[in-house]
Amino acid sequence: MAGPHALRAPGGGLEVELLPDIGGRIHAIRVGGADLLRTPDDVNSHVAEPLLWGSYPMVPWCNRIPFGELWFEGAAHRQPLNLDTFAVHGRALAAPWRAIGSEVLEFLDAGDAGFPWPYRARQEFVVDGATMSLELSLENTGVTRMPAGLGIHPWFAAPNGLDVALPADLVYPSSGESPVGPPIAVAGDRDLRSSGNPRNGIDECWTGLTEQQIRLDRPDGIQVTFSFTATADHVVLAAIGDLGGVAIEPQTHAVDGHGRRERSEPGGIAVLEPGDSLGVTYRIAVS
């Protein structure tokens with residue numbers, strides 16, 4: 001396994017370290033020596049606990065599929081469970097991605113019996129001063145329609161707390177670890193429209209975004225603006241105090257997107273015809 005390779009802005013600014021061999025993930029984003037992400041000292045921690053470090057792409061679906069039963073057009077396709085009774089965050093978060101030059105990573109999935117839809121995923125990174133941009137895309141390379149979703153899963157470092165302003169008017173009601181029914185108006189500790197420290201243990205899915213950006217204020221005075229294009233119309237946020245991190249996951253569908261589409265509920269996963277693509281551009285800017 002190769003170590004991380006770094007992308008640095010000319011003349012200073014952000015330093016971004018990528019791990020193509022471990023899910024095409026971001027190992028670290030640093031500014032002035034400060035880690036913006038939950039970054040381990042040993043890169044092998046990404047192998048031991050791939051869900052809990054850095055930032056990784058979620059393709060070809062995001063978040064949880066209950067019991068690993070991926071429903072599409074009336075048929076169930078069994079996915080391996082990788083978190084309790086769920087199949088989470090797609091098929092590429094721990095797999096090797098191919099580096100094309102220093103700024104592009106590509107993942108080719110031929111599909112299998114459980115996921116019979118081949119696709120190509122691609123990440124293109126640009127670091128410019130105090131801003132990192134990431135263009136994430138997924139293309140249906142098969143000959144049939146496929147369910148398709150994507151997002152990214154950054155764990156922002158929060159050992160001493162992190163104020164978050166999430167401009168979302170709606171949140172999905174939860175039952176256990178899966179949302180149920182249509183989204184409802186935010187209220188109480190699920191209203192994050194004004195900047196504040198999210199409640200420890202919160203893990204919800206928001207939509208009804210009034211802006212395509214989230215503001216993060218760190219105790220050390222660093223402010224991060226996390227923006228994304230409109231295809232990412234849902235955001236999952238999880239605050240886990242024991243980890244010293246807050247996961248903020250802009251994505252293209254709600255949790256259980258396949259089931260939601262089958263039930264004709266809001267937040268369902270997209271469908272790509274052969275040759276069609278889905279994409280989101282993300283930007284992390286520091287001030």
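Notes on the structure follow. Source: prediction; values computed, not measured.

Points about the layout of surface pockets
Then comes step 1: Taken as a whole, the largest pocket spans an internal volume of roughly 320 Å³.
Then comes step 2: Arg64, Leu83, Asp203, Ala238 and Ile240 are the residues nearest the centre of the largest pocket, which is lined by 20 residues in total.
Then comes step 3: Elements that contribute at least two residues to the lining of the largest pocket include exactly β15 (151-157) and β24 (234-240).
Then comes step 4: Looking at which element gives the most residues to the lining of the largest pocket, the answer is β24, with 4 residues.

Concerning unusual backbone geometry
Then comes step 1: Cis geometry marks the peptide bond from Val59 to Pro60; its omega dihedral reads -5°.
Then comes step 2: Within the secondary structure layout, Pro60 lies in the loop between β5 (55-58) and β6 (64-66).
Then comes step 3: One non-glycine residue, Asn63, lies in the positive phi region at around 60°.
Then comes step 4: Note that Asn63 resides in the loop between β5 and β6.
Then comes step 5: A relative accessible area of 3% places Asn63 in the buried class.
Then comes step 6: With a phi angle near 60°, Asp256 is a residue other than glycine that sits in the positive phi range.
Then comes step 7: Within the secondary structure layout, Asp256 lies in the loop between β25 (245-251) and α2 (257-262).
Then comes step 8: For Asp256, a relative accessible area of 11% gives the class buried.

So, the sheet that holds strand β22 (residues 213-217)
Across a sheet, paired strands are connected by hydrogen bonds in the backbone, their directions being either parallel or antiparallel.
Then comes step 1: The sheet built from 8 strands is open, its strands ordered β10-β11-β12-β13-β27-β23-β22-β16 with antiparallel pairing. Both outer strands of the open sheet, β10 (98-100) and β16 (163-165), are each paired with one neighbouring strand and no more. Across the sheet, the axes of successive neighbouring strands diverge by a mean angle of 15°, strand direction being ignored.
Then comes step 2: Sheet topology note: the strand β13 (residues 131-140)/strand β27 (residues 277-286) ladder contains 9 bridges and is antiparallel. When the bridges of β27 are listed, Glu135 appears paired with Thr281.

Some points on the pairing of strand β12 (residues 119-128)
Then comes step 1: Burial along β12 is one-sided: Tyr119, Ala121, Gln123, Phe125 and Val127 are buried, and none of Arg120, Arg122, Glu124, Val126 and Asp128, which face the opposite way, are.
Then comes step 2: Pairing of strand β11 (residues 104-109) with β12 involves 6 bridges; the strand directions are antiparallel. Of the residues in β12, the one forming a bridge with Glu106 is Arg122.
Then comes step 3: Strand direction decides the pairing type here: β12 and β13, joined by 10 bridges, are antiparallel. Across the sheet, the residue bridging to Ala121 is Leu138, located in β13.
Then comes step 4: Connecting the antiparallel pair β12 and β13 is a turn made up of 2 residues, with Gly129 showing a positive phi of about 60°.

What counts as what
Residues numbered from 1 in each chain as written. Predicted model: local features only at pLDDT ≥ 70, side-chain atom pairs only at ≥ 80, totals over all residues. Heavy atoms only, no water. 1 Å grid on protein atoms, 1.4 Å probe; cavity = no way out; pocket = protein on both sides within 12 Å on 5 of 7 lines; lining within 4 Å. Points joined across faces, edges and corners; volume = space filled by probe spheres on them. Helix = DSSP H or I, 4+ residues; strand = E, 2+ residues; numbered from the N terminus. Buried < 20%, exposed > 50% of the residue type's maximum accessible area, 1.4 Å probe, protein only. Pairing = 2+ DSSP bridges. Axes fitted to C-alpha atoms, helices over the stretch in contact; angles between N-to-C directions.

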